[in-house]
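Listed below are the residues making up each chain.
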Amino acid sequence: MVEPNQLTQYLETFVDITRSPTQQDDSLKAIASSLENDSLSINQLVREMEMYLTTTDNVVRARGILLLAEILDCLKAKPLNDTIVHTLVGFFTEKLADWRAVHGALVGCLALMKRKDVAGVVTDIDAQAMAKSMIQNVQVQALALHERKLGFELLECLLQQHSEAIATMGNLLVYATCEAIDGEKDPQCLMIVFHLIELLAQLFPSPSGPLASDASDLFEVIGCYFPLHFTHTKDDEANIRREDLSRGLLLAISSTPFFEPYAIPLLLEKLSSSLPVAKVDSLKCLKDCAMKYGVDRMKKHYGGLWSALKDTFYSSTGTNLSFAPESLSSPGFEMNEIHREAVSLLQRLVKQDISFLGFVVDDIGINMVFDTISRYSEYKEMPDTSKLEVLVISQILSVSAKASVQSCNIIFQAIFFRLMNSLGIVEKTSTGDVVQNGNSTVSTRLYHGGLHLCIELLAASKDLILGFEESSPTPGYAQESWWSMVKSFSVPLIQVFTSAVLSSNDDSVTDVYFGVNGLLTMGMFWGGSSPISRSEFEKILMTLTSIITAKSGKTVVWELALKALVCIGSFIDQYHESDKAMSYMSIVVDNLVSLACSSHCGLPYQMILEATSEVCSTGPKYVEKMVQGLEEAFCSSLSDFCVNGNFKSIDNCSQLLGCLTNKLLPSVAEIDGLEKLLVHFAISMWNQIETSGVFSCDFNGREFVEAAMTTMRQVVGIALVDSQNSIIQKAYSVVSSSTLPAMESIPLTFVALEGLQRDLSSRDELILSLFASVIVAASPAVSIPDAKSLVHLLLVSLLKGYIPAAQALGSMVNKLGSGSGGTNTSRDCSLEEACAVIFHADFASGKKISSNESTKIMFGSETTLSKICLGYCGYLDLQTRTITGLAWIGKGLLMRGYERVNEIALVLVECLKSTNCSGHALHPSAMKHAADAFSTLMSDSEVCLNRKFHAVVRPLYKQRFFSTIVPILESLIMNSQTPLSRTMLYVALAHVISNVPVTVILDNTKKLQPLILEGLSVLSLDSVEKETVFSLLLVLSGTLTDTKGQQSASDNAHIIIECLIKLTSYPHLMVVRETAIQCLVALLELPHRRIYPFRREVLQAIEKSLDDPKRRVREEAIRCRQAWLVT
Amino acid sequence: MVTGLINENPIIYPKKERRLRTDSSTTDEFTPEPIDQLEIFDILNFGNCNPFVVDIKDPEHPNTLEDLRVVTEDSVEVDDENSYVRVTFTPTVEHCSMATVIGLCVRVKLLRSLPSRYKIDIRVAPGSHATEDALNKQLNDKERVAAALENPNLVEMVDECLPSEE
């Protein structure tokens, strides 16, 4: 129970306008909550408030009434006694007359109107009284914005919830609404106003009702908003956009047929305006009105509508028809919004009332167009006006034809015959009969205009079938007149189009385009009710296919025909046309696939592959066919190469594999069963290699090996674990039947390893590379047979200098399960065992000269590999290979977060030292390899150890490595004696820094920025490191644009500027200069006093950049100079 | 200072289709790209360099010199080897008192954007201005230009014509 004096206090607070809004709000909430939990009843409250509600002090009374209203607003869901509601309604209704308190009264009325059903609602009688009081007492337009909105909302509520009770007020209501909304300008209010009109229209549908009599007044009030002009783009709190408002207005205008005499003339007038927005809105609105007002009312405007619509078509159509392959599946010219709306209005009108079509067909323009068509044969010869005429008329006719079966009939009857006549398909003989120009003489001249019109009509009828097929299953089209017309002319039409395709006159592109487009359209009539017979359809396919297979090279015709075939293919697939699919398969797909297999035709192989893959990608069945075809082609080409030494075959193989990887693999997720096919393909690759015993001649087939590796990797990458297993088994058996396993017998000792050469035969190299690809892409769950000896094999190959072997080894150690875990199925080898082979300590070595010194330095350097790295054996080549190989192994371990990676890292660091444990510095080339190894370790690789190839990735592995290695490198840099070692250490550091996420850098800017700057100045001396310089500079620019980085940049400003100025004249890489200048601009964000001292220096440097040989640098320099000038 | 607009309703021409560069810069690192006509023209159209805006500070007319055809691409002659550039501009009306300011703006913009080896020659198109000779003389007189740039009011005006992209 709220204490009475406390309640008074709340009330006082709210009523006192000198208090702050938050205080008032708090007291409101306090009262509302005590009502909510029944510690205070409404009766008590009202009794307590009596003084505030009835006092003659206007301010206090207004506040009091508002308080009561706001409280009610908070209690919308609380059940209240009917009597209480009634009394309150009576009170607020009465207070509507009190203009000083009208705000509170409106809030109160609205709160009561919005009460939930269960909680006691306003009765109809009360609502009526409220409406009356509202109409009599409230002058909405005299109120302020917020009250106006409340007023409109109240009216909206009344109309929505108590329409019947209010309807009795009739004219008064309409009149009052009219008055209330007249001249409203606020967008939020207008949204409600437009809705009010709609509600009124629903309320009074009768032609003798009050709305009918007052329609003219009401329309006058809302008509003036059309077309809606609203330029506010900024989001205010209401967030009303122009589209919302204009949609609301359209709904209001089309809400009742009584507006028709006023609305249609207005809309037609606005349609002729030059403002695009007005046109679009008018067209949209006319469409809505045509639907709502009904045919009878619209009829008298048809004349005006047609001419306005025609003008709109003429003004919104462009004359550049595109003849590119892309436009075969699109309208061929750009459609703007006006055009689209005009199309949909025309369609709506024709669909609604067939008599509108009379205006279209009888239009003088339709008759004229035939003159135009037969006057110009070439499209490009036509003047723009004639082009426009042909395009617009074709468009209008096709849109109307598409509207309904009936309209299609009428249009075909009206013009199709004449059209055929002007195309020369029909001729008048002496007897006056009309004869089809069957097989004998196809018109010698192709009239482009006529062809266009014809194609548009055919497309319209085709779309008509499709539109209806989707809604109703079996309509008979055979008895429709358009159908029989198309059917009877289909043979000569196909002939005309075919002759256009094969034409060879000057403007053949246009001819061919129309020809192909025509054939395409005729090929896409829907199956069951197609007027094109199956043999005709097959003829179309044959014509198009013959263009593809003709030995003509890649021409426009070829591309157009291919695109058309693809369109037909996807059409068949989309509408499940099984008959046509069979024809398509036998004529198009089989032909192309067999072409791909034979590889002895005149066409370049690349083109055959392109055509085949494009065509086959339209249906899953064709894909299957294609993969089988390619498999066969691959095997025959490879064996042709092996037996006959035909180098062309091996090129074909690479192209074929490229096609497979680029075109088919990306869609593997969409096509069911493709995975199996591809796995089959991969296995038969292995089979083929196995059987092709010895290559007849050595080849330099790098390209082929690369292509084969990519394909193998990708296929294994997408394959399921079971399929991966079978591929691995197959691959393993091929490997073990080759001479490769001989390498396993090479012991891992210095003596044995020293003499290693890159000496594999090309066949073995191919097998090794492919096998490595399989291992790279295999998932961790796959079991690798005889893993331990494979590790050995790969290790030896790595030492021989085969990088794929190193990558495979990296992937293996990345994915092998650890001994105890048992997650892995390759039971015979755990990660530890693999590591034992790799980190094999060579105690039996004859060259253990300095092992006494090395033992005390570090654990890692005892292994054979690390000794080779550090140059214990004299072969530089072997040393660099080992370093690179070690980097890949390290990457695999690093990504899974295995601690032995540190050993590798330490060996690599050791290589960079000016005096390492072996007592002398390494050869510069070996050092360089060791420095670059850090790039291998840290950067993301495309070919292996990524998520696509199922690598095991531990979160934040880069960050971890960064925090271990950077301090080591840093301290070494401090102490290094020779410039070479220093440079190499910086290269390594740069690789590490530029590959960690930028947030890590930003957390350590203070420490890193000096290092980065020093690194930049050291590395910029040598052109070999230009890419490294660039990536390091990018890191620096990242720190400069961040607030954390800017603080430390402020401290280092002078070094940074000095360094950047040096880089603005970096001769080896343009992007470095460009970025350096951009960084200088970014520095302007620093405090003015820090950078002003350098102004002169920077401007001088930039002046030189103004004369840079590269334009982009100069442009940046101008910008930078301007920015520094104004500091 | 003039208070009203000198040419109240300038004709605004539609933008000509830009000649597109065949971008070889990305492909080859070391081929130099000499400064050419289009580049100078781009420099001049960098921001809104409209003196009319300067005078009246009316954001309603943010036209560039290009829109008004005061400077067109063809009116720029450049010889990179001999470090010479000549810009011929056409004031919108014959007795446009803004012509000096336009000329000065063009000169300052080029001074700031071109290497110092360049000799810059600014001219009014023949027959396009009432006091053509005087104007040409004034714009190419080093001392007078230098003196003009000592005048803080003038510099401020020029700077506003050449806003930096910030």
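Owing to the predicted nature of the structure, the values given are computational and were not obtained by experimental measurement.

Calculation criteria
- Residues numbered from 1 in each chain as written.
- Chains lettered and ligands numbered in written order.
- Predicted model: local features only at pLDDT ≥ 70, side-chain atom pairs only at ≥ 80, totals over all residues.
- Helix = DSSP H or I, 4+ residues; strand = E, 2+ residues; numbered from the N terminus.
- Rg over C-alpha atoms; globule rule 2.2 N^0.38 Å.
- Buried ≥ 20, exposed ≤ 12 C-beta atoms within 10 Å, placed from the backbone.
- Contact = placed C-beta atoms within 7 Å.
- pLDDT = per-residue confidence, 0-100.
- Domains from an automatic or database assignment.
- Expected span 1.5 Å × (residues − 1).
- Core = buried A, V, L, I, M, F, W, Y, C linked by C-beta atoms within 7 Å.
- Pairing = 2+ DSSP bridges.
- Axes fitted to C-alpha atoms, helices over the stretch in contact; angles between N-to-C directions.
- Parallel < 35°, antiparallel > 145°, perpendicular 65-115°, else oblique.
- Left-handed = near helix turned anticlockwise from the far one by under 90°.
- Nonpolar A, V, L, I, M, F, W, Y, C, P; charged D, E, K, R; others polar.
- Bend = angle between axes of the 7 residues up to and from the residue.

Colleague: Run through the overall build of chain A, naming residues and quoting values.
Modeller: Assigned secondary structure in chain A consists of 55 helices and two strands. Whereas a compact globule of 1127 residues would reach a radius of gyration of roughly 32 Å, chain A reaches 42 Å, over 25% beyond that. Each principal axis of the C-alpha distribution contributes one length, and for chain A these read about 115 × 110 × 65 Å. Considering chain A as a whole, with its 1127 residues, one finds that 47% of them fall into the buried category. Pairs at least 24 residues apart make up 75% of the contacts formed inside chain A by residues separated by at least 6 positions.

Colleague: Got a sec to walk through the overall build of chain B? Specific residues and values, please.
Modeller: A count of helical and extended segments in chain B gives six helices and three strands. The N-to-C order of helical and strand elements in chain B reads α-α-β-β-α-β-α-α-α. A buried classification covers 26% of the 166 residues belonging to chain B. Partitioning the intrachain contacts of chain B with sequence separation of at least 6 by distance along the chain shows that 64% fall at a separation of at least 24.

Colleague: Break down the confidence of the model for chain A for me, citing the residues and quoting the values.
Modeller: Residue and element names in this part refer to chain A. Of the residues in chain A, 90% have a pLDDT of 70 or more, and the chain-wide mean is 82. Across residues 438-443 the pLDDT falls below 50, and counting only partners more than four positions away or on other chains, this stretch makes eight contacts in the model. Overall, residues 843-861 carries pLDDT values under 50, and its contacts beyond four positions in sequence, including any with other chains, amount to 27 contacts.

Colleague: Please set out the domain arrangement of chain A residue by residue, giving values where relevant.
Modeller: When the domains of chain A are assigned, the result is domain 1 (1-140), domain 2 (301-509), domain 3 (720-996) and domain 4 (999-1127). Spacing between the C-alpha centres of domain 1 of chain A and domain 4 of chain A amounts to 67 Å.

Colleague: Could you give an account of the interface of chain A and chain B, with specific residues and numbers?
Modeller: Tallying the contact residues gives 16 residues for chain A and 15 residues for chain B. With eight residues, the single largest contributor to the side of chain A that touches chain B is helix 55 (residues 1111-1125) of chain A.

Colleague: Residue-level account of helix 27 (residues 556-574) of chain A, with values.
Modeller: Residue and element names in this part refer to chain A. Compared with an ideal rise of 1.5 Å per residue, which puts 19 residues at 27 Å, helix 27 spans 27 Å between its outermost C-alpha atoms and is within 8% of the ideal. Taking burial as the measure, the 19 residues of helix 27 include 14 buried ones, the bulk of the element. Taken from the residues just after helix 27, H576 is the one with a positive phi, measuring 50 degrees.

Colleague: Report on the confidence of the model for chain B, specifying residues and quantitative values.
Modeller: Residue and element names in this part refer to chain B. Across chain B, pLDDT averages 73, with 64% of residues at or above 70. In this model residues 47-61 is a low-confidence stretch, pLDDT under 50, and it forms 35 contacts with partners more than four residues away in sequence or in other chains. Interface predicted TM-score (ipTM) for the complex: 0.85; the corresponding pTM is 0.72.

Colleague: Give me the nonpolar core: which residues, what numbers.
Modeller: Residues and elements named next belong to chain A. Within the largest apolar cluster, 380 residues are counted, with the highest numbers of intra-cluster contacts made by A561, A564, L809 and C911. Here this core takes twelve residues from helix 27, the largest share from any one element. Sequence-distant contacts of L809, defined by excluding residues within four places in its chain, comprise V791, L794, L795, L798, W888 and I889.

Colleague: With reference to specific residues and values, describe the pairing of strand 2 (residues 84-89) of chain B.
Modeller: Residue and element names in this part refer to chain B. Every second residue of strand 2 is oriented toward a common face, the buried set being V85, V87 and F89 and the non-buried set Y84, R86 and T88. One ladder, built from four bridges, connects strand 1 (residues 76-79) with strand 2; its direction is antiparallel. Opposite V76, over in strand 2, you have V87 as the bridge partner. Between strand 1 and strand 2, which pair antiparallel in sequence order, lie four residues; one of them, S83, sits at a positive phi of approximately 50 degrees. Here strand 2 pairs with strand 3 (residues 119-124) via six bridges, running parallel. Bridge pairing links V87 to I122 in strand 3.

Colleague: Lay out the packing of helix 27 of chain A against helix 29 (residues 605-616) of chain A in plain terms, naming residues and giving numbers.
Modeller: The description of two helices packed together rests on the angle between their axes and the distance between the axes. Residue and element names in this part refer to chain A. It is at 8 Å that the axes of helix 27 and helix 29 come closest, and there the two elements cross at 20 degrees. In terms of their interaxial angle, helix 27 and helix 29 are classed as roughly parallel. Of the two elements, helix 27 crosses helix 29, and the hand of that crossing is right-handed. Side by side, helix 27 and helix 29 meet where L562, L565, V566 and G569 of the first sit next to A611, E614 and V615 of the second. In the contact of helix 27 with helix 29, the residues fall into five nonpolar, one polar and one charged.

Colleague: Before we move on, can you summarise the environment of K815 of chain A with the specific residues and values?
Modeller: All names here are of chain A. Inspection of the secondary structure assignment puts K815 in helix 38 (residues 803-815). Along the backbone, K815 and I775 are 40 residues apart, and their C-alpha atoms lie at a distance of 9.9 Å. For K815, the residues in contact, after removing those within four places along its chain, are P780 and V952.

Colleague: I'd like to hear about the sheet that holds strand 2 of chain B, residue by residue, with values.
Modeller: All names here are of chain B. Taken in spatial order, the three strands of this open sheet run 1-2-3, and their pairing is mixed. Edge strands, defined here as strands with exactly one partner in the open sheet, are strand 1 and strand 3. For this sheet the average axis-to-axis angle between neighbouring strands, irrespective of direction, equals 10 degrees.

Colleague: Provide a residue-level description of the packing of helix 12 (residues 210-223) of chain A against helix 14 (residues 260-271) of chain A, including the pertinent values.
Modeller: Residues and elements named next belong to chain A. At their nearest, the axes of helix 12 and helix 14 sit 9 Å apart, and the two run at 30 degrees to each other. By the angle between their directions, the pair helix 12 and helix 14 is classed as roughly parallel. Side by side, helix 12 and helix 14 meet where S216, F219 and G223 of the first sit next to Y262, A263 and L266 of the second. Class assignment for the residues of the contact of helix 12 with helix 14 results in four nonpolar, two polar and no charged.

Colleague: Run through the environment of E94 of chain A, naming residues and quoting values.
Modeller: Mapping E94 of chain A onto the fold places it in helix 5 (residues 82-95). Residues E94 of chain A and V992 of chain A, 898 residues apart in the sequence, show an inter-C-alpha distance of 80 Å.

Colleague: Break down unusual backbone geometry for me, with residues and values.
Modeller: Of note, the bond from F226 of chain A into P227 of chain A is cis; its omega dihedral lies within 30 degrees of zero at -10 degrees. Phi at D38 of chain A is positive, roughly 65 degrees, even though this residue is not glycine. The residue D38 of chain A is located in the loop between helix 2 (21-36) and helix 3 (42-54) in this model. By the C-beta count within 10 Å, which is 9 here, D38 of chain A ends up exposed. The phi angle at S83 of chain B is positive, at roughly 50 degrees, despite the residue not being glycine.

Colleague: Before we move on, can you summarise helix 12 of chain A with the specific residues and values?
Modeller: All names here are of chain A. Its 14 residues give helix 12 an end-to-end C-alpha distance of 19 Å, which sits within 8% of 20 Å, the value for a rise of 1.5 Å per residue. Of all the bends found along helix 12, the most pronounced is centred on S216 and spans about 50 degrees. Within the span of helix 12, buried status applies to L211, D214, A215, L218, F219 and I222.

Colleague: For the environment of Y175 of chain A, give the residues involved together with the corresponding values.
Modeller: Residue and element names in this part refer to chain A. As for its position among the elements, Y175 is in helix 10 (residues 171-181). Accessibility expressed as a C-beta count within 10 Å gives 17 for Y175, which makes it partly exposed. For the pair Y175 and D217, spaced 42 residues apart in sequence, the C-alpha to C-alpha distance is 8.6 Å.

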